[in-house]
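Tertiary structure, described
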Amino acid sequence: MRSSTRRHDALVMLSGITSAFLVVSGIQVLSGRIDGVASMVFVLAVFLISMYTDGYLWGLAASLLCVLAVNFAFRSPYFAFNFTLPENLFSALVMLVVSIMTSTLTTRIKLQEQLRMESETEKMRANLLRAVSHDLRTPLTSISGNAGILMENGAVLSASKKKALYASIYDDSMWLINLVENLLSIT
């Protein structure tokens, strides 16, 4: 499961950065300029990557790669890295902050969802135990009561009354056997 999650996260990051690069390139081809658009599109990509991946690593890596992509391909001087310009440093800072905040919020939401699921599971387990204990107690009370009557008054009871009490004990015990078998088949 861990490797499939990593694969999913890597695919999300790759597709997010590639999509942002293609969108900005398309805007540049259509309009001829991209003043400030590149940074905004890549910030959106960082946000989406941070939101749809697990943990902080993918968002931080995406922000670093997006800063490099914007700086290298969409800022003057083109196809060269220049981190002395304030807008490059500012876009790097914004992407880093966006990725950290989004990753933090996403991690908290996933944790709350996991706690909610565990709480629901525990509630279902408690309801099942309550129902099972009730379903076990009812026939046991009948069996115990009928056996007590037979033990205390067995000599004075008529044969038909004894037979009815034995039949009741037998029916309730069979019901319990079926209940236990059903519980075992469920588990």
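Everything that follows concerns the structure shown earlier in this document.
Residues numbered from 1 in each chain as written. Predicted model: local features only at pLDDT ≥ 70, side-chain atom pairs only at ≥ 80, totals over all residues. Heavy atoms only, no water.

Examining the overall build of the chain
- Each helix and strand in the chain was counted, giving five helices and zero strands.
- Each helix (α) and strand (β) of the chain, taken in turn from the N terminus, gives the series α-α-α-α-α.
- For the C-alpha atoms alone, the extent of the chain along its principal axes is close to 110 × 25 × 25 Å.
- Residue pairs in contact within the chain that sit at least 24 positions apart in sequence constitute 64% of those at least 6 positions apart.
- For the chain, the computed accessible surface area is about 12,700 Å², with 69% contributed by carbon and sulfur atoms.
- Positive and negative side-chain charges in the chain, numbering 15 and 13 respectively, have mean positions lying 1 Å apart. (Helix = DSSP H or I, 4+ residues; strand = E, 2+ residues; numbered from the N terminus. Contact = heavy atoms within 4.5 Å. Areas by Shrake-Rupley, 256 points an atom, 1.4 Å probe, with all protein chains shown as cover. Lys, Arg positive; Asp, Glu negative; His and termini not counted. Charge placed at Lys NZ, Arg CZ, Asp CG, Glu CD.)

Things to note about a nonpolar patch on the surface
- Together, Phe72, Tyr78, Phe79, Phe81, Phe83 and Leu89 make up a nonpolar patch on the protein surface, roughly 630 Å² of accessible area in all.
- In this fold, Phe81 is placed in the loop between helix 3 (57–73) and helix 4 (86–153).
- A residue is classified by how much of its surface remains accessible, and Phe81, at 49% relative accessible area, is partly exposed. (Patch = residues over 30% accessible without salt bridge, like charges linked within 9 Å, V, L, I, M, F, W, Y side chains within 5 Å. Salt bridge = Lys/Arg side-chain N within 4 Å of Asp/Glu carboxyl O. Buried < 20%, exposed > 50% of the residue type's maximum accessible area, 1.4 Å probe, protein only.)

Section: the nonpolar core
- With 22 residues, the main nonpolar core has Met13, Val24, Ala38, Phe42, Cys66, Phe74 and Met95 as its most contacted residues.
- In this structure, Ile143, Leu150, Ile169 and Leu176 belong to the second largest nonpolar core, which totals five residues. (Core = buried A, V, L, I, M, F, W, Y, C linked by side-chain atoms within 4.5 Å.)

Description of helix 3
- The first and last C-alpha atoms of helix 3 sit 24 Å apart over 17 residues, in line with the 24 Å expected at 1.5 Å per residue.
- Residues of helix 3 that are buried include every one of Trp58, Gly59, Ala62, Ser63, Cys66, Val67, Ala69, Val70, Asn71 and Ala73, and no others.
- The secondary structure elements touched by the buried residues of helix 3 are helix 1 (2–31), helix 2 (37–51) and helix 4. (Expected span 1.5 Å × (residues − 1).)

Things to note about the side chain of Ser63
- On the secondary structure map, Ser63 appears in helix 3.
- Ser63 sits in the buried class, given a relative accessible area of 4%.
- Within polar-contact distance, the side chain of Ser63 engages the backbone oxygen of Leu60 at 2.7 Å.
- When near neighbours in sequence (up to four residues on either side) are disregarded, Ser63 contacts Val46, Met95, Leu96 and Ser99. (Polar contact = N/O pair within 3.5 Å; in protein donor to acceptor, adjacent residues only side chain to side chain.)

Focus on the packing of aromatic side chains
- Under the counting rule described, the total for this entry stands at three aromatic pairs.
- Ring centres of Phe21 and Phe74 lie 5.1 Å apart, and the angle between their planes is 55°; this geometry places the pair in the tilted category. Of this pair, Phe21 sits in helix 1 while Phe74 sits in the loop between helix 3 and helix 4, placing them 53 residues apart in sequence.
- Relative accessible area serves as the criterion here: at 34%, Phe21 is assigned to the partly exposed category.
- Three or more aromatic residues link up through ring pairs in this structure, and these residues are Phe21, Phe42 and Phe74. (Phe/Tyr/Trp six-rings, centres within 6.5 Å; stacked < 30°, edge-to-face > 60°.)

A few points about the side chain of Arg75
- In this fold, Arg75 is placed in the loop between helix 3 and helix 4.
- Side chain to side chain, Arg75 and Ser39 meet in a polar contact 2.3 Å long.
- When residues no more than four places from it in sequence are discounted, the contact partners of Arg75 are Ser39, Val70, Glu87, Asn88 and Ser91.

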